[in-house]
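# Coordinate analysis (summary)
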Amino acid sequence: MSTTIPFNRPVTVGKEFTYIQKTIENMDLSGDGAITKKCHSLLEDILKVPKVLLTTSCTHALEMAALLLDMQPGDEVIVPSFTFVSTINAFALRGVRPIFIDIRPDTLNLDESKLEKLITPQTKAIVPVHYAGVGCEMETIMDIGSQYGIPVVEDNAHGLFAKYKGKYLGTFGCLATQSFHETKNFTCGEGGALLINDPHYVERAEIIREKGTNRSRFYRGQVDKYTWVDIGSSYLPSGILAAFLYAQIEARQQIQTKRQEIWEYYYNNLQDWAQEQGVRLPIVPAECEQAYHMFYLLMPSLEKRQALIEHLREQKINSVFHYLPLHLSQMGRKFGGAEGDCPVTESVSDRLLRLPFYNDLTQEDQARVVAAIKDFYTGV
Ligand SMILES: *Cc1c(COP(=O)(O)O)cnc(C)c1O
C-alpha cells in the first residue's frame, strides 16, 4: 500500500546541524549575535536592501511595520481580503481599520485598478501581498502610493527571491516582510524578516525590535549605556534559529531549482487535463519571475473542488484550500465586511485547491498526484 503524500513537509538541506552546533559551541544563543548578522548581510547582499532584520515571524515583522508607520486607532490600511490573517491583524492590533480590496482574476493579487477608489484621508498604508510569489503590479501600486503620499508595505511571505520587472519583490515598498515559517520556501520553523528599503526607518526599527531600547546603538559603541527610548517589543529570533535559516538561504539555488522543477512538472503534465475539464492553472505574467511557492488549481465550482480534495484523499494525497475571505470572517464582518464586497475573492476562495509542494517531493510521488488528478472528471 502506498504511503500518504503530505501537502507540506519541512526539509533540511544538510548544513543546518553543523551551523547549529557551531552556534551552540560559540554560545551565540540570543538574538543579533554573529550568526544573525551573517543572515542579515547575506540577505542584504543578495537583495541589495539597505537593512534586513530577522524577526520571530512575518507576523511580527508586520507588527513592526505598523509601529514604524505610527499607526493609530481609526487609521485605515488597504489590504487584500484574499490573504493570511496576519497581513491585517498586525495592523488591527494598533486599532487600524482594514479596507479590503478585491484581487485580479489572473494573478490573484490585489487589483490595483480598484485602489484609488478606496483611498481616504485616513489611509496610512497599502499592503500588497505577492500571492504565490508572483509579483503584484508594483509599478502602478508604487505610483499611486507616491501620488497620494501613502507608504507601501509588501507582504512578501511567499515571494523571497522572486522578481517583478527584474527587481526583487520586497524591494519596492518602504518596508517589506518575509516569512520563514515551515510552510514557506525557506524556513527555520518559525521566523521572519523585515526588509527596510527606506533607511530613515532603520534606527527606530532597531529600537522597536529591542524592547524599545537603544541596545543596538550601545553594541556599536554609539552610546555608552542603553535605555528605554520608545515603545517596542522583543522581535529577535535566537541564534539557533538563525543558524538553521542561514543553511537554507545559502542553499537557495538548490532549493529554488528543485521547486521550479516541481512547479513545471505539474504545469506541463496538467495543462491538457485542465483545458478539457474547465480548470484554470496559475498565470504568471511575463514581467514576473516567480518564487515557485505553490501550485494551485482553480476548479469550476466549490462542489468540484471539494470532490477533488476527497478523490485525492482516497488515494492518500493531501491537498488543501485557502484563504477564507477576510472580509467575511468574524472579525472582517465587525469592520463592515459583507457578501459581494470582493466578488473575485469570494469566487476564488471557493474554487482554489493547492497541490502537495515541498522541497523533496519526488517525481515518483508527483506522478502519483498527476495520475490521480487526471482520473478526476469535472463533468464540464
Ligand atoms: C505565512 C504568511 C504570513 C505569516 O507568516 P508567519 O511567519 O507565520 O508569521 C503572513 N502573510 C502571508 C501572505 C503568509 O503566507
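Because the structure is predicted, anything quoted here is derived from the model rather than measured. (Residues numbered from 1 in each chain as written. Predicted model: local features only at pLDDT ≥ 70, side-chain atom pairs only at ≥ 80, totals over all residues. Heavy atoms only, no water.)

### A short note on the nonpolar core
Buried together is how nonpolar side chains tend to be arranged in soluble globular proteins. Let me state the cut-off plainly: Nine residue types can take part in a nonpolar core, namely buried Ala, Val, Leu, Ile, Met, Phe, Trp, Tyr and Cys, and a core is a set of them joined through side-chain atoms within 4.5 Å. Residue exposure (1.4 Å probe, protein chains only): buried if accessible area is under 20% of the type maximum, exposed if over 50%, otherwise partly exposed. Secondary structure elements are defined from DSSP: runs of H or I of at least 4 residues count as helices, runs of E of at least 2 residues count as strands, and each element is numbered from the N terminus.
Ranked by size, the top nonpolar core spans 33 residues in total, and within it Leu69, Met71, Val77, Phe91, Leu175, Leu194 and Ile196 carry the most contacts. Contributions of two or more residues to this core are made by helix H3 (58-68), strand S2 (76-80), helix H4 (86-92), strand S9 (192-196) and helix H7 (202-209). Examining the composition of this core, we find that eight residues originate from one element, H3, more than from any other.

### Regarding a nonpolar patch on the surface
Put simply, the rule is: Within this analysis, patches are made of residues with over 30% relative accessible area and no salt bridge. Like charges are joined at 9 Å or less; nonpolar side chains (Val, Leu, Ile, Met, Phe, Trp, Tyr) at 5 Å or less. Accessible surface is estimated by sampling points in the Shrake-Rupley manner with a 1.4 Å probe; for residues, cover comes only from the protein chains shown. By definition here, a salt bridge exists when the distance from a side-chain nitrogen of Lys or Arg to a carboxyl oxygen of Asp or Glu is within 4 Å.
On the surface, Ile24, Met27 and Leu29 cluster together into a nonpolar patch covering about 270 Å² of accessible area. When you line up the elements, leucine 29 lands in the loop between helix H1 (16-25) and helix H2 (34-47). A relative accessible area of 34% means that leucine 29 is categorised as partly exposed.

### Structural notes on the layout of surface pockets
The cut-off we apply is this: Detection works on a 1 Å grid of protein atoms alone, calling trapped sets that fit a 1.4 Å probe cavities and calling open sets with protein on both sides within 12 Å along at least five of seven lines pockets, with lining residues defined by an atom within 4 Å of a point. Grid points are joined across faces, edges and corners, and a volume is the space filled by probe spheres set on the points. Polarity classes work like this: nonpolar for Ala, Val, Leu, Ile, Met, Phe, Trp, Tyr, Cys and Pro, charged for Asp, Glu, Lys and Arg, and polar for all others, with Gly in that last group. For the domain bounds, the source is a domain assignment made automatically or taken from a database.
When its volume is computed, the largest pocket comes out at roughly 500 Å³. In terms of lining residues, the largest pocket is bounded by 26 residues, among which Phe84, His181, Thr183, Lys184 and Tyr323 are the most central. Those elements giving two or more residues to the lining of the largest pocket turn out to be H3 and H4. Across the lining of the largest pocket, the residue classes tally to 10 nonpolar, 12 polar and four charged. Of the residues that make up the lining of the largest pocket, three or more belong to each of domain 1 (16-250) and domain 2 (252-374). Looking at the second largest pocket, its volume works out to about 320 Å³. Residue lining of the second largest pocket: Ile46, Phe161, Lys163, Tyr168, Arg252, Gln253, Gln256, Thr257, Gln260, Glu289, Gln290 and Tyr292, and that is the complete set.

### Section: the site of the ligand
What counts, and what does not: Any residue with a heavy atom lying within 4 Å of a molecule or strand is counted as near it. Here a polar contact means two N or O atoms within 3.5 Å. Within protein one must be a hydrogen donor candidate and the other an acceptor candidate, and residues neighboring in sequence count only if both atoms are side-chain atoms. To decide whether a molecule occupies a pocket or cavity, check its atoms: if more than half lie within 2 Å of the grid points, it is inside.
For the ligand, the set of nearby residues contains 15 residues, the closest of which are Thr59, Asp155, His158, Ser179 and Lys184. Contacts to the ligand include serine 179, whose side-chain N or O atom sits 2.7 Å from an oxygen atom. Here the ligand loses 93% of its free accessible area of 380 Å² to cover by the protein chains. With respect to the detected pockets, the ligand is housed in the largest pocket. Split into classes, the residues belonging to the shell around the ligand amount to five nonpolar, eight polar and two charged.

### Some details on the domain arrangement of the protein chain
The line we're drawing: Here a residue-residue contact requires only that any non-hydrogen atoms of the pair lie within 4.5 Å. Throughout, buried area stands for the accessible area (probe radius 1.4 Å) lost by two parts on being put together, summed over both.
In terms of domain boundaries, the protein chain breaks down into domain 1 (16-250) and domain 2 (252-374). Summarising the inter-unit geometry, the C-alpha centres of domain 1 and domain 2 are found 25 Å apart. Contact residues are listed per partner, giving 43 residues for domain 1 and 33 residues for domain 2. Among the residues of domain 1 in contact with domain 2, Phe82, Asp102 and Asn185 are the three that bury the most area, contributing 18% of the side total. Taken together, the links from domain 1 to domain 2 amount to 20 residue pairs in polar contact (both at pLDDT 80 or more). Taken together, the elements giving at least two residues each to the side of domain 1 that touches domain 2 come down to H2, strand S3 (97-101), strand S6 (163-164) and helix H9 (239-250).

### Structural notes on the pattern of salt bridges
Summed over the entire model, instances satisfying the criterion amount to 18 salt bridges. The residue arginine 209 makes a salt bridge to aspartate 32 at a minimum N-O spacing of 2.9 Å. Of the two residues, arginine 209 sits in helix H7 while aspartate 32 sits in the loop between H1 and H2, which places them 177 residues apart along the sequence. The burial state of arginine 209 is the same as that of aspartate 32; both residues are buried. Notably, a salt bridge pairs lysine 165 with glutamate 139, separated by 3.1 Å at the nearest N-O pair. With lysine 165 in the loop between S6 and strand S7 (167-168) and glutamate 139 in helix H6 (residues 138-148), this pair connects stretches of sequence that are 26 residues apart. Given a relative accessible area of 46%, lysine 165 falls into the partly exposed group. Given the relative accessible area of 45%, glutamate 139 is considered partly exposed. Three or more residues are tied together by salt bridges with common partners; here these are Lys51, Glu206 and Arg220.

### Concerning the sheet that holds strand S8 (residues 175-179)
The test is simple: Two strands make a pair as long as DSSP finds a minimum of two bridges between them. Lines fitted to C-alpha atoms define the axes, with helix axes restricted to the stretch in contact, and inter-axis angles between N-to-C directions lie between 0 and 180 degrees.
Overall, mixed pairing links the four strands, which are arranged S1-S9-S8-S5 in an open sheet. For this open sheet the edge positions go to strand S1 (51-55) and strand S5 (153-155), each flanked by a neighbour on one side alone. Recorded for the sheet is a direction-independent mean angle of 20° between the axes of neighbouring strands. In this structure, S8 lies alongside S9, joined through five bridges in antiparallel fashion. Bridge assignment links glutamine 178 to a residue of S9, and that residue is alanine 193. Strand contacts of H2: S1 and S9, with the helix running at about 135° to S1, the strand carrying the most contacts. Each of S1, S5, S8 and S9 touches H3; the most contacted strand, S8, lies at about 165° to it.

### Points about the sheet that holds S2
Pairing in this open sheet of three strands is parallel, and the strands run S3-S2-S4 from one edge to the other. Lying at the two open borders of the sheet, with one neighbouring strand each, are S3 and strand S4 (123-126). Recorded for the sheet is a direction-independent mean angle of 30° between the axes of neighbouring strands. With three bridges connecting them, S2 and S4 associate as parallel partners. Across the sheet, residue isoleucine 78 finds its bridge partner in S4, namely isoleucine 126.

### Some points on the packing of aromatic side chains
Just so we agree on the cut-off: Between 30 and 60 degrees the pair is tilted, below 30 it is stacked and above 60 it is edge-to-face, where a pair is any two Phe, Tyr or Trp rings, Trp via its six-membered ring, whose centres lie within 6.5 Å.
Counted under the stated rule, the structure contains 14 aromatic pairs. Taking the centre distance of 5.3 Å and the plane angle of 80° together, the rings of phenylalanine 82 and tyrosine 323 count as edge-to-face. One end of the pair, phenylalanine 82, is in the loop between S2 and H4; the other, tyrosine 323, is in the loop between helix H11 (302-314) and helix H12 (330-334), and 241 residues separate them in sequence. Across this residue pair, the class does not change: phenylalanine 82 and tyrosine 323 are buried. Look at tyrosine 131 and tyrosine 296: their rings are 6.0 Å apart centre to centre, the planes differ by 50°, and that puts the pair in the tilted class. With tyrosine 131 in the loop between S4 and H6 and tyrosine 296 in strand S11 (residues 296-298), the pair connects residues that are 165 residues apart, well separated along the chain.

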